[in-house]
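# Notes for the structure review
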Protein chains: 2
Amino acid sequence: MNVEQCEVCTILPSNDPILETQNWVVSLSPDQGYLGRCYVTLKAHKGDLADLTKEEWLDFTEIVKKIEKAIRKAFGAELFNWGCLMNDAFKIDPPKPHVHWHLRPRYRHSINFAGEKFEDPLFGYHYERGQSRKASAKVLENIKQEIQSKL
Amino acid sequence: MNVEQCEVCTILPSNDPILETQNWVVSLSPDQGYLGRCYVTLKAHKGDLADLTKEEWLDFTEIVKKIEKAIRKAFGAELFNWGCLMNDAFKIDPPKPHVHWHLRPRYRHSINFAGEKFEDPLFGYHYERGQSRKASAKVLENIKQEIQSKL
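In short, a report on the structure. (Residues numbered from 1 in each chain as written. Chains lettered and ligands numbered in written order. Predicted model: local features only at pLDDT ≥ 70, side-chain atom pairs only at ≥ 80, totals over all residues. Heavy atoms only, no water.)

### Let's talk about the interface of chain A and chain B
Accessible area lost upon the coming together of the parts serves often as the stated size of an interface. Test applied: When checking whether two residues touch, look at their non-hydrogen atoms; a contact exists if any pair is within 4.5 Å. Two parts placed together each lose some accessible area under a 1.4 Å probe, and adding up what both lose gives the buried area. Take a side-chain nitrogen of Lys or Arg and a carboxyl oxygen of Asp or Glu: if they are within 4 Å of each other, that pair is a salt bridge. The definition of a polar contact used here is a pair of N or O atoms within 3.5 Å, where within protein one atom must be able to donate a hydrogen and the other to accept one, and adjacent residues in sequence count solely through side-chain atom pairs. Numbering of helices and strands runs from the N terminus, with a helix taken as a DSSP run of H or I at least four residues long and a strand as a DSSP run of E at least two residues long. The residue classification treats Ala, Val, Leu, Ile, Met, Phe, Trp, Tyr, Cys and Pro as nonpolar and Asp, Glu, Lys and Arg as charged. All others, Gly included, are polar.
At the junction of the two partners, chain A supplies 35 residues and chain B supplies 35 residues. For the pair chain A and chain B, the summed buried area comes to about 3100 Å², and 62% of that belongs to carbon and sulfur atoms. By the criterion of area lost to chain B, the three top residues of chain A are Asn87, Phe90 and His126 of chain A, representing 20% of everything that side buries. Summed over the shared surface of chain A and chain B, the number is 2 salt bridges. With its nearest N and O atoms 2.4 Å apart, the salt bridge here joins Asp48 of chain B to Arg72 of chain A. Here chain A and chain B share 17 residue pairs in polar contact (both at pLDDT 80 or more) between them. Looking at the side of chain A that touches chain B, the elements with two or more residues in it are helix H2 (54-75), strand E4 (79-84) and strand E5 (100-106) of chain A. Counting residues per element, the side of chain A that touches chain B draws most heavily on H2 of chain A, which supplies 9 residues. When the residues that make up the side of chain A that touches chain B are grouped by side-chain class, the tally is 18 nonpolar, 6 polar and 11 charged.

Here is the structure:
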């Protein structure tokens, strides 16, 4: 397969990132069931963590530090669930995996932000995939700006 | 908290690893619902990915390459779900997180190994946490040896 056939590669240039580095783009998920939920996407089209260069990994480790610190400061997240899964890419044949991380901040206490209340009733337990909360464009922008202000 | 109070630190020395490096221990999960499912545990008692040193990260990236390659060769895994969650540690107060990764190999086809049939009916979808399959000590040992033979 080539880059033109990859959905992630197609979407990435139009992305409005929270944070961008040489190798990665951090963008807010439209689903804010976990306040500050983000994707951390590799710019290069690679389908497996085993294929990352040393530079790509070290760049990622700096993002982990920066984004966790910012979301802690912004909303008081207590821990962070990181996952690199890429299952969806294998629904089609040939598969088109493109490395991206799911970051779900987790909260012991509820948070009031942008006129809304965010809760994490399963704090201490595995994230709930059904805990979906599509945020409005305005709320997404507010969340993004709040995180960026703490970077 | 200190190291003595950490369950992971207590268990780690008695672990029978598949692979051990300067900073990490790879051990088979007793739950083989996903054939080759492992834990990759940091030796140092640190509770957050943001606290890892450059050396610990680079050591981890070598493990990703080695263990994925070995499990592909051993059983034909097609992709790998990686997650660093640590939710359980926050059930108690004060929380006692200790960095460890969950590695779930995923399979398009069923595998016959050690006289048993392993399947991944949700291939292409998020892993099922309920897909639990406690393997016998003999089967665990066979799986471990098969992976080790491909390292």
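### As for the relation of the copies chain A and chain B
Rules: For the least-squares superposition of copies, only C-alpha atoms count, and only for residues with pLDDT at least 70 in both.
Overlaying chain A on chain B yields an RMSD of 0.0 Å, the required transformation being a rotation through 180° with an accompanying axial translation of 0.0 Å. Here the two chains are linked by the operation of a two-fold rotation axis. Scanning chain A for the C-alpha nearest the rotation axis identifies Gly83 of chain A, at a separation of 2.1 Å.

### A short note on the environment of Ala137 of chain B
Within the element layout of this structure, Ala137 of chain B appears in helix H3 (residues 137-149). Sequence-wise, Ala137 of chain B and Asp51 of chain B are 86 residues apart; in three dimensions their C-alpha atoms are separated by 35 Å.

### Some details on the packing of H2 of chain A against helix H2 (residues 54-75) of chain B
The following threshold applies: Lines fitted to C-alpha atoms define the axes here, with helix axes fitted over just the stretch in contact, and angles between the N-to-C directions of these axes take values from 0 to 180 degrees. In what follows, roughly perpendicular refers to angles from 65 to 115 degrees, roughly parallel to angles under 35, roughly antiparallel to angles over 145, and oblique to any angle outside these ranges. Crossing chirality is assigned from the near helix's rotation relative to the far helix, an anticlockwise turn below a right angle marking it left-handed and a clockwise turn marking it right-handed.
At their nearest, the axes of H2 of chain A and H2 of chain B sit 10 Å apart, and the two run at 125° to each other. Relative to H2 of chain B, the element H2 of chain A lies oblique. As H2 of chain A runs across H2 of chain B, the sense of the crossing is right-handed. Contact with H2 of chain A, carried on its side by Lys54, Trp57, Leu58, Phe60, Thr61 and Val64 of chain A, involves Lys54, Trp57, Leu58, Phe60, Thr61 and Val64 of chain B of H2 of chain B and no other residues of that element. Residue composition of the contact of H2 of chain A with H2 of chain B, by class: 8 nonpolar, 2 polar and 2 charged.

### Things to note about helix H3 (residues 137-149) of chain A
For the record, the criterion: By this rule, a helix spans an expected 1.5 Å times one less than how many residues it contains.
In this model, H3 of chain A (13 residues) spans 18 Å end to end at C-alpha, consistent with the 18 Å of a helix rising 1.5 Å per residue. Elements that come into contact with the buried residues of H3 of chain A comprise strand E2 (24-28), H2, strand E6 (111-113) and strand E7 (116-118) of chain A.

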